[in-house]
Amino acid sequence: MFDQINYSLQFIKPELILVCTLLVSIILDLIFKNKKIVIYFVIAGLVSSFVSLLSNSNVNQHLFFNMYAVDPFSHFFKIFLLTAILGIVVFSMFSNEVSEIKSRKGEFYYFLVALTIGMFLMSSSTNLIMMYLSLELTSLTSYLLAGFMKEEKSSSEASLKYVLYGAFSSGMMIYGISIIYGMTGSFDIFAINIALADGVTSLALLISTVLIFIGFGYKISAVPFHFWTPDVYEGSPISVTTILSVASKAAGFSMLMRFLKIVFIDPYASPSVNDWGVLEIVPIVEILTVLSVLTMTLGNIVAVWQTNLKRLLAYSSIAHAGYLLLGVLTLNNEGYSATLIYLVVYLFMNVGAFLIVMLISNKIKSDDIDSYKGLGMRSPFIGITFSLFLISLTGLPPTAGFIGKLYIFSALINKEMILLAVIGVLNSVVSLYYYVRIFRNMFLRESLPTDKEITLTLGEKILILAFAIPTLILGLYFAPLVEFAHASVSMFAGN
Amino acid sequence: MTETLLLQFATAILFIPLVSFLILIFFGKKLSKKSSLVGLTLIGSTLLLSLIIFFTKLNFFHDATIDYTFTWVNFGSSEITIDLGIMIDNMTAVMLVVVTLVSFLVHLFSISYMEGDIRYSRYFAFLGIFSFSMLGIILTNNFFMMYVFWELVGLSSYLLIGHWYEKTSAANAAKKAFIVNRVGDIGMFTGIMILWSTFATFSFDEVFHGLSLGILPFDSTAWLTAAGILIFCGAVGKSAQFPLHVWLPDAMEGPTPVSALIHAATMVAAGVYLVARVFPLFTADALIVIAYIGVITAFISATIAMAQNDIKKVLAYSTVSQLGYMIMGLGVGGFTSGFFHLVTHASFKAGLFLGSGSVIYAMHHVLHHHNDHHTDPQDIRNMGGLKKKMPITFWTFLVFTLAISGVPLTSGFLSKDDILAGTLAFSDLTGHTLIPIIAFTVAGLTAFYMFRLLILTFFGTHKDENRLNEIHESPWQMTTPLIIFAALSFFFFYSPSPTSASDGWFYNAIEKPESVVPENVSAASIESFEEAVHHNHGTAMFLSLTVAGLGILTAFVTYYWKKINPEKIMNTFPSLHRFLSMKWYFDEFYDRTVIWFTMMTAKVLAWFDFKIIDGIVNGVATVSRITANGSGKFDNAVVDGLVNLTAYSIGFFGLILRTVQTGKVQSYLAFAIVGALMIFFFFN
Amino acid sequence: MSLVVSLQHFIFVSAILLSLGVYAILTRRNAIMVLMGIELILNSANINFVAFSRFGGMDVNGHLAAIFVIFLAACEAAVALAIVLNIYKQFNTVNVDEVATMKD
Amino acid sequence: MEIKYINIGILTWITFLPIIGMLVLMFLPKEKKGLVRWFALVATLLQVMLAVIIYIFFDREAAGVNNAATMQFVERFTWIDIKSVDWFGRIRIEYFLGIDGISVPMVLLTALISCIAVVSSWNIEKSVKGYFALLLLLDAGMMGVFVSLDFFLFYFFWEIMLLPMYFLIGIWGGPRREYAAIKFFIYTLFGSVLMLLVVIALYFSVSVPDPVTNELVHTFDMLAMMNPDNYEANSLLVGFNTSWRYIAYVGLFIGFAIKVPIFPFHTWLPDAHVEAPTAISVILAGVLLKMGTYGLMRIAMPIFPDAAVHYLYPLAFLGFVNIVYGALCAMAQTDFKKLIAYSSVSHMGIVLLGMAALNTQGMVGAMFQMFNHGTITAMLFLIVGVLYDRAHTRGLNDFGGLMNQMPKYSAIMVVAFFAALGLPGLSGFISEAFSFLGAFQTFRWLTIASTLGIVLTAGYMLWTLQRVFFGTLPDKWKSLPDINNRELAMLIPLAVIVIILGIYPAPILDLMNSSANQLIEIIKSHNSSTLIGK
Amino acid sequence: MNMLSLYDYIFYFLAFVVIGSSFVVVFSRNIIYSAFALLFTFFGVAGFYVLLSADFLAITQLLIYVGGILVLLLFGVMLTNKVVDVDIKSSTIKTLPASIISALLAGLLCGIFYVTNWYTVPTNPELLNNTTAIAIGHAFISTWILPFEVASVVLLVAMLGAVIIARREKGPEVN
């Protein structure tokens, strides 16, 4: 028994390092007035976790009595999440919102570490209670981060809405879990899978799936569980919004994908690459299809009406969740790998876009789309890089966004879900409407004479480029990304 | 003199006018006055070469067809190629002389006529390009080039009619000429398409050869007839046949020498030439259509000519009428006579126009001298008594008038008589008796209105004696062509006998080609037709002399001796007179039907395009706009971006959906749980 | 021992409790009342866990799950109340529908 | 044929030269506008030189189309090769360039029109650097479309053009530029996303053996897609005359039709043209519209010969509608640019008609019409631009009597107008005539109906000529200067090409003959092929 | 049919307590009443646990729910209401749609639960009479060690977070 625990421990070094980082930085934050020390310690902790993570690349282990899996799939997400969090930590250092709250600055960063731990756990959990726990860890930290600027009404409001919505959703989810437990007598998703395959069929399964999906749907902001998203994205500090739209959404997807793959796939079917053999007990693909179509369509067409850029990006990120779900619902290796590819691509373009919104918001104190008039001419660097991110979000070559969409639609077409693919591409046409409005304001409209020149520091420029260059490069040369994504899901093929 | 040399000459004839055009268009400004000399010299040289070809061909290669072909476009396989080339047969040789001669004389005439014109050099340049295209039509041995030059002739006609483009009427006339011609050309092009789809060649010879082997377009004689009629459409346009004749009278807006050259002698005759060229492929039905078109044209325009007062308009309608004659002649099967009338008509009609040009020139000078810009120098009612002041013009004009009226000893008598004989023969053979009846009526009408013109212009008294005294004869550059044309209007140039053309060299050289269409749809054979013509020759001559005489007599009675008051007759039949003077209301008819319809369609479609296709369902747009305005959140810029139905509805639904986002977290939760329940029930 | 009271009885109670929780969440304007509703939901889930555990061969896993839910309920309540207090500071109200400055 | 400079093939050079130019341009100082302009001109002139080299060395006999061996100036490298997981199969995207008779006229046209567009942009004063940078990017995109043989690459270039175009219209355009720009953007994106789906579907249906390992590799190679033997059994698009193939063809068709534009997808065109600056109108009409028909010829028809044959009549019918509808709409316009825009709709209809004929004359006619329309319409837009620069209005009814005021200008304009209305002796005639001749053999009545367009075109063209040049000169235009040397420099080459090709079209026809025949062969022969995948 | 045993009576009593008190929680206009009614609900649930032989859990329920959460909630009520104020009542909104939703949910769940074939295993009666604390303790340090440790991190974060959000900041107060 202790052997098992000892054995398991060697594979969770990255998580352990993060926990230590969290604990030490709490202490450091109490000791030192200079919060920079905490920040650098957090960065160091994240980096060392990253380094130790790299040694795990070929591990495929079920640990802690099947509670936890360290495998290529979770490995992919952990690398993804650490990259995102590291980026956002650096990003936050440039944020006025965060630096203005001097007294709680250190806390902000160690909460980021806690969030990372939560997301790590989400991506690796193979037990429903573990999933619920890690989801709650992530959520709690997110509520706190969203309300971090507690003197600001919008931030407080965001955190209230978030916490109520989140608590409700997780409550429904745990109720759903309880029903599943009642039917299968287990929390272990593998065991549940076997039980389901052995002939548990009932309406209760459907209702519990739907209830569990409330939890997942809330995490990935899928329609109709997305309602918190625009308000929380708008009210939170931009760096937190970025985390929510990228990292925590990715973590949600990792959990959802693992859950779907393990629970709803026929364990006795001979494994096939393109068809995992979905158990016919719950119309899971249909449910996902409806969710996905609703999500991307609603996200896009409501985004058309937004004038606040954070809110616009919030709706756009809802729409992107819809695209991601398209990849998930194919329930095969290809679709899963396409989702992973899209997530990576989305990381760069979305964080880049938020970064620019934040920098502009720092300088001109406005997120309104009208304040972007003439920006492209006043500040060509911002104009060009922002355009790049927006093109990528639209999904046009030569940017990474195109590659992401390409793989998603490839997966759909290969599964002969043509109609869904058509809906997907038409949605990306709709999305052009509102992205183009930003171009238009930046380049086609004249700026007011009162508008100041926006100058960026070298650090800011480098940070923007750190997101812009991958966005471009991945559009031109994406083989490593695709290989990585394939490798990460290929463990599912054998089952 | 070898065939090769002849071909080289022919090529030279074709390109010399082009060279003239290029020189004058690029260096015209520098040459200024000398441009006319350049043009004259170059066209003179073509005349010389044409004469050489003419005599050589008729004397040494009488029965040969000299032909040169090269591959112009190769579609990557040897099976389909487009071959172009030129050919010289007797018809070509005759036409070459006619065209270059008229062209040369018109050049000569224009030197003084156009003096002082602001675009003097450009005028001669355009004459050059006209000559080029006209000669192209004559020399070609295939349909493709025929069509190409056909259109180019249309272009030069357009440019020359629009020479004084500052005048709206001139610009309109030019446009009308081009477009009406194009309508005919489309028919011709369609005809050519039919032949090309069948034979994959444009060459006349090869098409005829194919037909004579029994290959029919789309295996049907109907399509063959259609092809013939469609190609004839080209002639309808260019030769101003009913119903496309409306452009020619308007074309008189161009300078008078141009009218003489293009709109009387050569270009309009191209249609006749075309019909003659492709004569073998006409079926009997096609020929009947052609004959009727010709005779209807002749009749309509003759009646209109009677009621016109503008000297050039009268001549224009007379031209249309005579062209109708030629077409009719060909249609009834009188191949040689129809073509012969083309040649004789060229000289006397060119002469008539130049004569009228001379008169107008004189009138214009006088009016100009008196600063009178109200009196129309072309209105015959303002003329009269010019006989003494302009003797050369008068005497030559008289010769032309006699010739066109078909008075014996003139060339016109020879050709016209033969055509009339042909119509009689045709009615004998086919029973279409209406054709000869109208043909003879038209002969009488022609004599009447031509003498009316002559009398009103040259006889009688001028309204204003003082002004009459200032009128004087035109310079030699203008009278010389008149004299030459007058000379050419006598019979001896064409035939030793004043009564029978068939003895002359012309009938010897130009023979009716054998039809290549299948026998059951072919017209009467040459022998039977010749037989019938011969049989009717005497009758025709007698009748034609009678009607011509009657016509002349009526003219003299009415306008010279004034025994009949034309005003009175007009007042008796006012509507008839208005009908004739308004040219049978053809223009009005077209304006209110075809053109109106086209413009309306265009406008409706443009509206449709703008409103419907583009801004599909404004209703949705409006709803969205009203809703949005009401809520005060309308983003004008967004609606700008939303251009059509989809966009509007997307916006609209977006607008509705966003109202769900109330900001109240409990309603969010309610929606979430309702959503979850709906998913459950949906998939239950 | 044969029981009239079966598994169904317990989970019916739990279902009713859940619905009442949902009702509270949807209707009560006071944020703290909403939190109470959430507690009801969590309790209903717990009843399920324990009941299933009892009738599923006294499986201790169900109990553990319930314990974790109780843990998390406590954590959540702490955080949520902190946020509600902060809201009260900012908005001077804890009525959820009045805290709605952000909307479309 | 391989011509290499510094180990890079000529097609890469001709495609990426503008991008190099653009990058260098970015580093030029903003203030030196003259330098920027000259630099852009040099870049495009170099491109023209390369085009001339291609023209000279192009092998007229090699057919290409679906045969990689007879493609010319081929450059083929693996761009992306993913072989990590066996379950996915190998993914290979190639950098595959090559040209044949279908593309070479377009390459020449693109180089020429781009260069002329630079010259005509000389008087742009607003953000000169940005303008020329975008123009060069656009140029590269267009060239890339015409030289790519890998569908992925093709799509890549196809989409790359959208953004520069959007900005060029949106920033430097007329009063309603924003509207026009977004309309263009949305419309074309709509078309291209459908195309993307078809590309993906094709990709999964086609596989070729790897030359080294002999394993089957999915490929974006267009030429492989044209070979029915390469379709995998049970794949979506295998076989002939299946409904999926029809759907895929229609998807591609819509993508291309929007670019052409084919009725009823044409409404972006008048707006885009009217609002775009002159040079952009020239590029739009001269090159961009051709991409649609090029795509149909090069991609849609040979890949889906069965569907192409099946939808031949609708294609021809749309051609007819375009011809007549465009002409009628043009007739009702009072805006000079709009008139020409609609005339483009009409003229592109002829391309469709010729293409649908599926015989040598028709196909060659259509290809030639693409080239000719490029030169002629470019001239027309330049002419409007010249006038607009001076008079600042494009209302046809505002003018009159300019013939005497601007004689040189008028002369050029007359040439352009008569070329546009298909006067023999000018290049437009030949292509129209060939298209009609070809179409007549296949669609008798439709072609006869379409000839109506010839008359209508003459009608509105001459009417326009009259309204602008004839009649009396309004007083306000008494001081309009005649065309200057720069403007002549851009118009005369086009006029010369129009005239020379009008007399002797062989220099261009020779380039495309064998490819056209091959193309027809491919489309017609599909019925004899019985293989249903492997 | 068996006679109702004591066990059953207790069950019905507790069910009455749980549902009745939670009705009060939900429908009471006075928030204080609601809070106290919640106390009974929690007790009732704890009673259920006892009925279901979950002794450890019943204790935990009492300790944490009653001793912790409920107190916390009461504090919250007190802090956000001026006690002397009459505004301690909490009004309700949108009762009709909410009733429909809730009724639907309850009906749906009960209906489904009624027909569902649950995972049931005959229970060893010995287990019912023994305390579960030992088994739970074992599980916590063996199979459930990871969730156990994670829960500690969650608690830490929640504690810190609650403090950070709720504490008063230096500087001008908003109130």
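Calculation notes
- Residues numbered from 1 in each chain as written.
- Chains lettered and ligands numbered in written order.
- Predicted model: local features only at pLDDT ≥ 70, side-chain atom pairs only at ≥ 80, totals over all residues.
- Heavy atoms only, no water.
- Helix = DSSP H or I, 4+ residues; strand = E, 2+ residues; numbered from the N terminus.
- Rg over C-alpha atoms; globule rule 2.2 N^0.38 Å.
- Buried < 20%, exposed > 50% of the residue type's maximum accessible area, 1.4 Å probe, protein only.
- Contact = heavy atoms within 4.5 Å.
- Buried area = accessible area lost by both parts, 1.4 Å probe.
- Salt bridge = Lys/Arg side-chain N within 4 Å of Asp/Glu carboxyl O.
- Polar contact = N/O pair within 3.5 Å; in protein donor to acceptor, adjacent residues only side chain to side chain.
- Nonpolar A, V, L, I, M, F, W, Y, C, P; charged D, E, K, R; others polar.
- pLDDT = per-residue confidence, 0-100.
- Axes fitted to C-alpha atoms, helices over the stretch in contact; angles between N-to-C directions.
- Parallel < 35°, antiparallel > 145°, perpendicular 65-115°, else oblique.
- Expected span 1.5 Å × (residues − 1).
- Bend = angle between axes of the 7 residues up to and from the residue.
- Core = buried A, V, L, I, M, F, W, Y, C linked by side-chain atoms within 4.5 Å.
- Pairing = 2+ DSSP bridges.
- Patch = residues over 30% accessible without salt bridge, like charges linked within 9 Å, V, L, I, M, F, W, Y side chains within 5 Å.
- Areas by Shrake-Rupley, 256 points an atom, 1.4 Å probe, with all protein chains shown as cover.
- Phe/Tyr/Trp six-rings, centres within 6.5 Å; stacked < 30°, edge-to-face > 60°.
- Lys NZ or Arg CZ within 6 Å of the ring centre and 35° of its normal.

K.L.:
Sorry, what's going on with the overall build of chain D here?
P.N.:
Secondary structure assignment for chain D yields 22 helices and six strands. Against the compact-globule benchmark of 24 Å for 534 residues, chain D has a radius of gyration of 23 Å, which places it among compact chains. Summarising its shape, the C-alpha atoms of chain D cover approximately 75 × 60 × 40 Å along the three principal directions. Per-residue burial over chain D gives 73% buried out of 534 residues.

K.L.:
How should I be thinking about the interface of chain E and chain B in this particular structure?
P.N.:
Size of an interface, as often reported, equals the accessible area lost when the parts are brought together. In this assembly, seven residues from chain E lie in contact with eight residues from chain B. Buried area between chain E and chain B, summed over both chains or domains, comes out near 620 Å², and the portion from carbon and sulfur atoms is 89%. One can count zero salt bridges joining chain E with chain B. Inspection of the chain E/chain B interface yields zero residue pairs in polar contact (both at pLDDT 80 or more). Of the residues assigned to the side of chain E that touches chain B, the class counts are six nonpolar, no polar and one charged.

K.L.:
I tried to follow the confidence of the model for chain D on my own but got confused; where do I start?
P.N.:
A low pLDDT score tells you not to read the predicted coordinates there in detail. Residue and element names in this part refer to chain D. Predicted confidence across chain D gives a mean pLDDT of 88, with 96% of residues reaching 70 or more. Within the model, the stretch residues 530-534 combines pLDDT values under 50 with 15 contacts to residues more than four positions away or in other chains. The ipTM for the predicted assembly is 0.88, set against a pTM of 0.90.

K.L.:
For this particular structure, what's the right way to read the packing of helix α3 (residues 90-113) of chain B against helix α4 (residues 120-139) of chain B?
P.N.:
The geometry of a pair of packed helices is captured by two quantities: the angle between their axes and the separation between those axes. Residues and elements named next belong to chain B. Packing of α3 against α4 brings their axes to within 10 Å, and their N-to-C directions diverge by 175°. Between α3 and α4, the angle falls in the class roughly antiparallel. Residue-level inspection shows T92, M95, L96, V99, T100, S103, H107, S110 and I111 of α3 in contact with α4, the latter providing Y120, Y123, F124, L127, S131, M134, L135, I138 and L139. A breakdown of the residues in the contact of α3 with α4 according to their chemical character gives 12 nonpolar, six polar and no charged.

K.L.:
So what exactly am I meant to see when it comes to the environment of T93 of chain C here?
P.N.:
All names here are of chain C. Take T93: it is sitting in the segment after α3 (60-91). A residue is classified by how much of its surface remains accessible, and T93, at 13% relative accessible area, is buried. Each C-alpha atom of the pair T93 and N30 lies 8.6 Å from the other, and the pair is 63 residues apart in sequence. For T93, the residues in contact, after removing those within four places along its chain, are I87, Y88 and E98. Only 3.0 Å separates the side chain of T93 from the backbone nitrogen of N95, close enough to count as a polar contact.

K.L.:
Got a minute to help me understand helix α20 (residues 458-476) of chain A in this structure?
P.N.:
Along an α-helix, residues three or four apart share an orientation, since each turn contains 3.6 residues. All names here are of chain A. In a regular helix each residue adds 1.5 Å, so 19 residues correspond to 27 Å; α20 covers 26 Å between its end C-alpha atoms and thus fits that length. Remark: the principal bend of α20, roughly 25°, maps to L465. Those residues of α20 lying buried are E460, L463, I464, F467, A468, P470, T471, L474 and G475.

K.L.:
Whenever I open this one, the nonpolar core confuses me. Can you help?
P.N.:
Most often, soluble globular proteins have nonpolar side chains that are buried together. Counting residues in each nonpolar core, the largest one holds 831 residues, and the members touching the most others are F10 of chain C together with F151, F418 and F434 of chain D. Per-element accounting of this core gives the leading share, 22 residues, to α3 of chain C. Those residues within four positions of F418 of chain D in sequence are excluded, and the remaining contacts are L155, Y158 and F178 of chain B together with L423, L426, L462 and L465 of chain D.

K.L.:
Can you walk me through the interface of chain E and chain C in this structure?
P.N.:
The interface of chain E with chain C comprises 89 residues on the first partner and 72 residues on the second. Interface of chain E and chain C: buried area, both sides summed, is about 7,300 Å²; carbon and sulfur atoms make up 77% of it. Contact with chain C buries area across many residues of chain E, yet V26, L52 and T80 of chain E alone supply 9% of it, more than any other trio. Where chain E packs against chain C, one counts zero salt bridges. The tally of links from chain E across to chain C stands at 13 residue pairs in polar contact (both at pLDDT 80 or more). Elements with a contribution of two residues or more to the side of chain E that touches chain C: α1 (6-27), α2 (31-51), α3 (55-80), α4 (95-115), α5 (125-129), α6 (133-141) and α7 (145-166) of chain E. Looking at the side of chain E that touches chain C residue by residue, the class counts come to 60 nonpolar, 22 polar and seven charged.

K.L.:
Explanation requested: the sheet that holds strand β5 (residues 207-209) of chain D in the structure shown.
P.N.:
Pairing between the strands of a sheet is mediated by backbone hydrogen bonds and can be parallel or antiparallel. All names here are of chain D. Taking strand neighbours across the sheet as the criterion, the four strands line up as β3-β4-β6-β5 in an open arrangement whose pairing is mixed. Only two strands of the sheet have a single neighbouring strand rather than two, namely β3 (72-82) and β5. Within the sheet, the average angular offset between the axes of one strand and its neighbour, ignoring direction, is 40°. Relative to strand β4 (residues 90-99), β3 runs antiparallel, the two being bridged by eight bridges. Bridge pairing in β4 places R76 opposite F96.

K.L.:
What exactly am I supposed to notice about α4 of chain E here?
P.N.:
For α4 of chain E, spanning 21 residues, the distance from its first C-alpha to its last is 30 Å, which sits close to the expected 30 Å at 1.5 Å a residue. Listed in full, the buried residues belonging to α4 of chain E are A98, I101, S102, L105, A106, L108, L109, C110, I112 and F113 of chain E. Where α4 of chain E is buried, its residues contact α8 (153-184) and α10 (203-219) of chain A, α29 (665-683) of chain B together with α1 (7-27) of chain C.

K.L.:
What is the right way to read a nonpolar patch on the surface from this model?
P.N.:
Where nonpolar side chains cluster on the molecular surface, the patch consists of L465, I469, L472, I473, L476 and Y477 of chain A and spans about 480 Å² of accessible area. On the basis of relative accessible area, L465 of chain A is assigned to the partly exposed category, the value being 33%.

K.L.:
Hey, could you run me through the packing of aromatic side chains in this one?
P.N.:
Aromatic ring pairs are described here by two measures, namely the spacing of the ring centres and the angle between the planes. Throughout the structure, instances matching the rule amount to 135 aromatic pairs over all chains. A ring pair is formed by F556 of chain B and Y560 of chain B, whose centres lie 5.6 Å apart and whose planes are at 70°; its orientation type is edge-to-face. Of this pair, F556 of chain B and Y560 of chain B both sit in helix α22 (residues 526-560), four residues apart, roughly one helical turn. On the basis of relative accessible area, Y560 of chain B is assigned to the partly exposed category, the value being 38%. Of note, K259 of chain D hangs over the ring of W158 of chain D, and the distance from its end group to the ring centre comes to 4.6 Å.

K.L.:
Would you mind showing me how to read the arrangement of the chains here?
P.N.:
Take the eight pairs of chains in contact: the one carrying the most contacts is chains C and E. No interface is formed between chain C and chain D, the nearest pair of C-alpha atoms being 25 Å apart. Spatially, chain D and chain E are disjoint, and the shortest separation between their C-alpha atoms is 33 Å.

K.L.:
Teacher, can you tell me more about unusual backbone geometry here?
P.N.:
Trans is the prevailing form of peptide bonds, just as negative phi is the prevailing case for residues other than glycine. Of the consecutive residues V223 of chain A and P224 of chain A, the connecting peptide bond is found in the cis state with omega at 0°. Relative to the helices and strands, P224 of chain A is located in the loop between α10 and α11 (228-235). Omega for the peptide link from P397 of chain A to P398 of chain A comes to 5°, which places this bond in the cis form. Its location among the elements puts P398 of chain A in the loop between α17 (380-394) and α18 (400-414). With a phi close to 50°, A200 of chain B is a non-glycine residue in the positive phi region. Residue position: A200 of chain B is located in the loop between α6 (168-199) and α7 (204-212).

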